[in-house]
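Survey of secondary and tertiary structure
Here's the letter readout for the chains.
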Amino acid sequence: MALVSETDPWWKSAVVYQIYPRSFADSDGDGVGDLRGAIGKLDYLKGLGVDVVWLSPVYRSPMDDNGYDIADYRDVDPLFGTLDDLDELIAGLHARGMKLVMDLVVNHTSDEHAWFQESRDPSSVKRDWYFWRPAREGFEPGAQGAEPTNWASFFGGPAWTYDEASGEYFLHLFSPKQPDLNWENPEVRAAVYDMMRWWVDRGVDGFRMDVINLISKPIPLTDGAVAPGQPLSYDVSQVANGPRMIEFLEEMNREVGIGERRLFTVGEMIAVDVDRAREYTSQHHDRLGMVFTFEHVTLDQEPGGMKWDLKPLSLPDLKRTMARWQKGLGTEGWNSLYFENHDQPRVVSRYGDDSPEHRVASAKTLATVLHLHRGTPYVYEGQELGMINAGFTTAGDYRDIESRNFYTIATGQGVPAERALAALAAKSRDNARTPMPWTPEGGFTTGTPWLPYNAAAPEINVEAELADEDSVYHHYRRLIALRHELEVVREGRFELLLPDDERIWAFTRTLRDEQLMVIANMTSQVAGVPMGSIPSLERAELVLTSLPAAADDVQTLEPWESRVYRIR
Ligand code: NOJ
C-alpha cells in the first residue's frame, strides 16, 4: 500500500459512511434506531472498509426535524441512548481503526434549547443570541406582511414567527422550532467552540457542519428578490455566505484547534460556487476540509425552481458539473463526493435505473463514477446495497417535516394532488429514510419500524448481498479497497473525456506515469464508444467492472456496463 505523506490530510484516502441513526439499527424494539443498534453493526462497517462514520444528530431534541433541532448539545436523546453508549461507539470505532464525525448543527438550535427559552425574555442577556426583530415599519405586529423581511423558510412559509409575549418576531430559516443563532454575538460563538472542544475531548474526530454558510448573514437583514407569482423571497444570497464567513471559520479553527488536532471537517453549503468553495477548502488556510455542494443534485429540477419542479437529468450536464468542480478545486481545495444522504432520494432511482433488470448494474456504475473522481467519497446507509426510493403513494405515508409542509402548501395553492405526490415520490427526504434492511424480513427492529421498510427489502438486504460476490455491496467494498490501494485514485489529475456524449461517462485520472480510465454506459440500452476519443488500451489492465463477465473490447458497452482500466 502506498504511503500518504505525514503532512497530507488523512481524509484524502478516506471513505465516509453516514449513519442516520433513526433508521440504521434498533436495539430495544421501540421501532427507532439507536446507538446500541449501531454498536452492534461495527464489524459490518469494518467489513465494507470505510474509514470514518458520520453520525447524524443524536443530541437531545424534540425531533421536529429528526434531531436537526437540538435542545442540548451535550447530551444524547433517550430515544438514541446515553452518553455512555456514545463513548462505547467511539471506542468501538477507534478499536477497529475507524473514526467518528459528529453532526454539528449550529446555525440554529431547537426552540426548546435553554438558550432560546431564556432569550424569549426581552430583558434577558441572551435576547441577542437569536435574531429578534420588531414588525416591519408601518405594520401592526402579527398582521399579514408584517414580518421583518420577506424571506421564505426552507421548509415553507415565512422565515419569521411572531412571539406575542414580547411583541417581536424571531428568525428561523427552517422550521419555527429551529430558531437561528446570532453568530454576530461573540458569546454565541464562544459557547459553540466550547461545546465543540468538549466533544473533541470526548474522542470525536471531526464535524459535519450543517448549513454552515448560513451562520454569517448579510447584516442588516434585508428583503430579497421575489420570483413572479411567489409571495415570499427564496433569494438565498440574502441569507448565505455573509461577509464574516471566513472570519468565523478561521476563528472556529483556532479556538477548537481543528488544524492542530487534524480534525475532519466538512461544511454543508447552500448556494456555494466553485470559487468560494476553493477559498473555504484551500489547503493554504485552516478553514474547512471540504464542502458539500448542491449543484450536481439540483440538475433534475427546473432552473430557478424548487426541488419539487421536476426535470429530466441530462447526462452531459451532470458530467460537466462534476468536472467543473474537479478542475475548480484543483490541487488547492478538496472535493466531497456524494450522491446520497438523508436529504436526497436514492441515486439508483434518480440517476440510474431501479428496475429489477438494471438496478444492480446501474447502482454499481453510479458508485464507480462517483468514487473514482478526486475527493472524499461518502456512502449513505443502504446506498451500498443499491437501495431504491421508498415508493410511497399517499400523503399520509410521509413523516418528514419538509415533505409534509410541501404537500400542504402546494395543494393549498391549487397544485393537483397527483402532481404533488409525483414530486414527493421523486424527491422526498423519506426516500432515503426507510429502515436499513439487514435481513429479508427486515431485521432492523423487533418492533414496528417508525417508517415502513422499503417493499424491496426481501430482495435488497444486507444478508443477501453479503452472500453474493456480485452484489452492489461487494462492488462498493472493492471500490473502497481500490482507493486505499492506489495512489492514483487519491491524487490523480482528473480529465473528462467525451463531455457531450449523452450516454457514455468516461474520464481519466493521471499520476506520474500511471493512469486510470473509467468508462461507463449510463443508459439502459447498449451503447457504442467512439474509440478514437479514449486512450489506447493496449497496456491496460482491467481492475473493476460492473458486469460479471466483460467482453474483451470496449467498442460497445452493455446497459449500465462500466469498466475501470489501469494503464502503466
Ligand atoms: C441540513 C440537514 O441535512 C437537514 O436534514 C436539515 O433539515 C437542515 N439542514 C436543517 O438543519
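Above: the structure in question.
These lines cover the structure that appears in this document, whether it is placed above or below. Note that this is a predicted model, so its numbers are computed, not measured.

Bringing the overall build of the chain into the picture now. The number of helices and strands found in the chain is 15 helices and 20 strands. By the compact-globule yardstick of 24 Å for 568 residues, the chain fits well, its C-alpha radius of gyration being 24 Å. Taken along the three principal axes of its C-alpha coordinates, the chain extends 75 × 55 × 50 Å. The buried share of the chain, reckoned over its 568 residues, is 59%. Across the chain, the fraction of contacts at a sequence separation of at least 24, relative to all contacts at a separation of at least 6, is 70%. The positive charge centre, built from 56 side chains, and the negative charge centre, built from 89, are 4 Å apart in the chain.

As a further point, take the site of the ligand. Neighbouring residues of the ligand: 13 residues in total, closest Asp-65, His-108, Asp-210, His-342 and Asp-343. One of the side-chain N or O atoms of Asp-65 is found 2.5 Å from an oxygen atom in the ligand. Taken by itself the ligand offers 290 Å² of open surface, and the protein chains cover 98% of this. Considered class by class, the residues forming the shell around the ligand number 4 nonpolar, 3 polar and 6 charged.

Once that is clear, we can look at the environment of Leu-337. Within the secondary structure layout, Leu-337 lies in strand β12 (residues 336–337). Leaving out residues up to four positions away in the same chain, Leu-337 has contacts with Gln-326, Leu-370, His-371, His-373, Arg-374, Gly-375, Thr-376, Pro-377, Tyr-378 and Arg-483.

This brings us to the packing of helix α11 (residues 401–412) against helix α12 (residues 417–427). Helix-helix packing: each pair is described by the crossing angle between the helix axes and the interaxial distance. Running from amino to carboxyl end, α11 crosses α12 at an angle of 155 degrees, the nearest separation of the two axes being 10 Å. For the element pair α11 / α12, the angle class is roughly antiparallel. Crossing handedness for the pair α11 and α12: right-handed. Two secondary-structure elements touch here, α11 through Ser-403, Phe-406, Tyr-407 and Thr-411 and α12 through Ala-417, Ala-420, Leu-421, Ala-423 and Leu-424. Taken together, the residues of the contact of α11 with α12 break down into 7 nonpolar, 2 polar and no charged.

Moving on, we get to the pairing of strand β13 (residues 376–380). Counted residue by residue, β13 has 5 buried out of 5 residues, so it is predominantly covered. Burial along β13 is two-sided: Thr-376, Tyr-378 and Tyr-380 and Pro-377 and Val-379, pointing in opposite directions, are all buried. Where strand β1 (residues 16–19) lies against β13, 3 bridges are found, and the strand directions are parallel. Opposite Tyr-17, over in β13, you have Val-379 as the bridge partner. Bridge count between β12 and β13: 2 bridges; the pairing is parallel. If you follow Ser-336 over to β13, its bridge partner there is Thr-376.

Below, the discussion takes up the pattern of salt bridges. In this structure the tally under the stated criterion is 45 salt bridges. Asp-111 is paired through a salt bridge with Lys-177; the nearest N and O atoms lie 2.9 Å apart. With Asp-111 in the loop between β5 (99–104) and α4 (114–119) and Lys-177 in the loop between β8 (168–171) and α5 (186–202), this residue pair connects regions lying 66 residues apart in the sequence. Lys-177 gets classed as partly exposed once you look at its relative accessible area, which sits at 23%. Among the ionic pairs, Glu-112 bridges to Lys-177, the shortest N-O distance being 2.7 Å. In this pair, Glu-112 sits in the loop between β5 and α4 while Lys-177 sits in the loop between β8 and α5, placing the two residues 65 residues apart along the sequence. Several salt bridges share partner residues, and in doing so they unite Asp-65, Lys-307, Asp-343, Asp-400, Glu-402, Arg-429 and Arg-433 into one network.

Among all positions of α12, only Ala-420, Ala-423, Leu-424 and Lys-427 are buried. Each buried residue of α12 lies within a common arc of 100 degrees when the element is viewed along its axis, so the set occupies one face. Elements that come into contact with the buried residues of α12 comprise α9 (347–350) and α11.

Here 3 strands make up an open sheet; going across it, the order is β6-β8-β7 and the pairing antiparallel. The open sheet has two free edges, formed respectively by β6 (132–133) and β7 (160–163), since each of these has just one partner strand.

One pass over the full model with this rule turns up 30 aromatic pairs. Ring geometry for Trp-183 versus Tyr-193: centroids 6.2 Å apart, planes at 65 degrees, classification edge-to-face. Highlighted residues: Trp-183 in the loop between β8 and α5 and Tyr-193 in helix α5, separated in sequence by 10 residues. Like Tyr-193, Trp-183 is buried.

Turning our attention to unusual backbone geometry. Ile-219 connects to Pro-220 through a cis peptide bond whose omega is 0 degrees. Relative to the helices and strands, Pro-220 is located in the loop between β9 (206–209) and α6 (245–256). Notably, Ala-271 is not glycine yet its phi reads approximately 55 degrees, a positive angle. Along the polypeptide, Ala-271 turns up in the loop between β10 (264–268) and α7 (274–281). Look at Ala-271 and you get partly exposed, because its relative accessible area is 47%.

This brings us to helix α8 (residues 315–329). An ideal rise of 1.5 Å per residue puts 21 Å on 15 residues; α8 measures up with 21 Å between its terminal C-alpha atoms. α8 sits mainly inside the fold: 11 of its 15 residues count as buried. Of the residues making up α8, those classed as buried are Leu-315, Pro-316, Leu-318, Lys-319, Thr-321, Met-322, Ala-323, Trp-325, Gln-326, Gly-328 and Leu-329. Count one or two residues on from α8 and you reach Gly-330, which has phi positive near 50 degrees.

Cut-offs used in this document
Residues numbered from 1 in each chain as written. Predicted model: local features only at pLDDT ≥ 70, side-chain atom pairs only at ≥ 80, totals over all residues. Heavy atoms only, no water. Helix = DSSP H or I, 4+ residues; strand = E, 2+ residues; numbered from the N terminus. Rg over C-alpha atoms; globule rule 2.2 N^0.38 Å. Buried < 20%, exposed > 50% of the residue type's maximum accessible area, 1.4 Å probe, protein only. Contact = heavy atoms within 4.5 Å. Lys, Arg positive; Asp, Glu negative; His and termini not counted. Charge placed at Lys NZ, Arg CZ, Asp CG, Glu CD. Near = heavy atom within 4 Å. Polar contact = N/O pair within 3.5 Å; in protein donor to acceptor, adjacent residues only side chain to side chain. Areas by Shrake-Rupley, 256 points an atom, 1.4 Å probe, with all protein chains shown as cover. Nonpolar A, V, L, I, M, F, W, Y, C, P; charged D, E, K, R; others polar. Axes fitted to C-alpha atoms, helices over the stretch in contact; angles between N-to-C directions. Parallel < 35°, antiparallel > 145°, perpendicular 65-115°, else oblique. Left-handed = near helix turned anticlockwise from the far one by under 90°. Pairing = 2+ DSSP bridges. Salt bridge = Lys/Arg side-chain N within 4 Å of Asp/Glu carboxyl O. Arc of directions from axis to C-beta. Phe/Tyr/Trp six-rings, centres within 6.5 Å; stacked < 30°, edge-to-face > 60°. Expected span 1.5 Å × (residues − 1).

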